[in-house]
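What follows is the residue order along each chain.
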Amino acid sequence: MKEKYRLFKLILLTIGGLLPALMAVCQSETKLEGTWKGTSLCRVKNGPCHDEQVVYHISKDGKQGVIAVQMNKLVSGQEEIMGTVNCSWEENTQSLKGTTYTRSNKPLSWLFRLSGKELRGTLRDDAGEIIRDIHVKRDAD
């Protein structure tokens, strides 16, 4: 009987130790949810991309640990959908990371770091070159 009690106590202590960490992750993910507005500036001048005013809608995807970032650009004051990037949240670095692919199936890496009500990020190509610098602020929902 004592062994079962010790095992039960060990399980409770383990769960109790993990609970604050799990709560912190959930709170950070909740801080991300909402509308973010700002700029996505092209680093490669004279290339195919253009500087843009952007609106990102961030939400939990429903899959555990997946944060969906719907990326829209503003054209004549209206949102135009560019696509959605599924990201993972890293609590220790306060960052979102995601990958999308070009038409020729080359990976593009998205990295955003959270600082208060701001997300600063980059888009890198498969060679690691920064294509875009992104700066968005949480909109007053």
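Computed from a predicted model, the values in this text were never measured in an experiment.

Undergrad: Requested: an account of the packing of aromatic side chains, with residues and values cited.
TA: Across all of its chains, the model carries two aromatic pairs by this definition. Seen from their ring centres, Tyr56 and Phe112 are 6.1 Å apart, and the 80° between their planes marks the pair as edge-to-face. With Tyr56 in strand 2 (residues 52–60) and Phe112 in strand 6 (residues 107–115), this residue pair connects regions lying 56 residues apart in the sequence. The residues Tyr56 and Phe112 share a single accessibility class, namely buried. With a centroid separation of 6.3 Å and an interplanar angle of 15°, the aromatic rings of Trp110 and Phe112 are classed as stacked. Three or more aromatic residues link up through ring pairs in this structure, and these residues are Tyr56, Trp110 and Phe112.

Undergrad: Any details on the pairing of strand 5 (residues 95–101)? Residues and values, ideally.
TA: Strand direction decides the pairing type here: strand 4 (residues 78–90) and strand 5, joined by four bridges, are antiparallel. Bridging from a neighbouring strand, Ser88 pairs with Lys97 of strand 5. Counting the residues in the hairpin turn of strand 4 and strand 5 gives four residues, including Gln94, whose phi is positive at 50°. Bridge count between strand 5 and strand 6: seven bridges; the pairing is antiparallel. Bridge pairing in strand 6 links Ser95 to Arg113. Two successive antiparallel strands, strand 5 and strand 6, enclose a turn made up of five residues, where Asn105 displays a positive phi of approximately 65°.

Undergrad: Provide a residue-level description of the state of the cysteines, including the pertinent values.
TA: Here, disulfide denotes a covalent bond that connects the sulfur atoms of two cysteines. Scanning all chains against the criterion turns up one disulfide. Covalent S-S linkage joins Cys42 and Cys49, the inter-sulfur distance amounting to 1.5 Å. Looking along the S-S bond of the Cys42-Cys49 disulfide, the torsion reads about 55°, which is the right-handed sense. With respect to burial, Cys42 and Cys49 carry one shared label: buried.

Cut-offs and rules
Residues numbered from 1 in each chain as written. Predicted model: local features only at pLDDT ≥ 70, side-chain atom pairs only at ≥ 80, totals over all residues. Heavy atoms only, no water. Phe/Tyr/Trp six-rings, centres within 6.5 Å; stacked < 30°, edge-to-face > 60°. Helix = DSSP H or I, 4+ residues; strand = E, 2+ residues; numbered from the N terminus. Buried < 20%, exposed > 50% of the residue type's maximum accessible area, 1.4 Å probe, protein only. Pairing = 2+ DSSP bridges. Disulfide = S-S within 2.5 Å.

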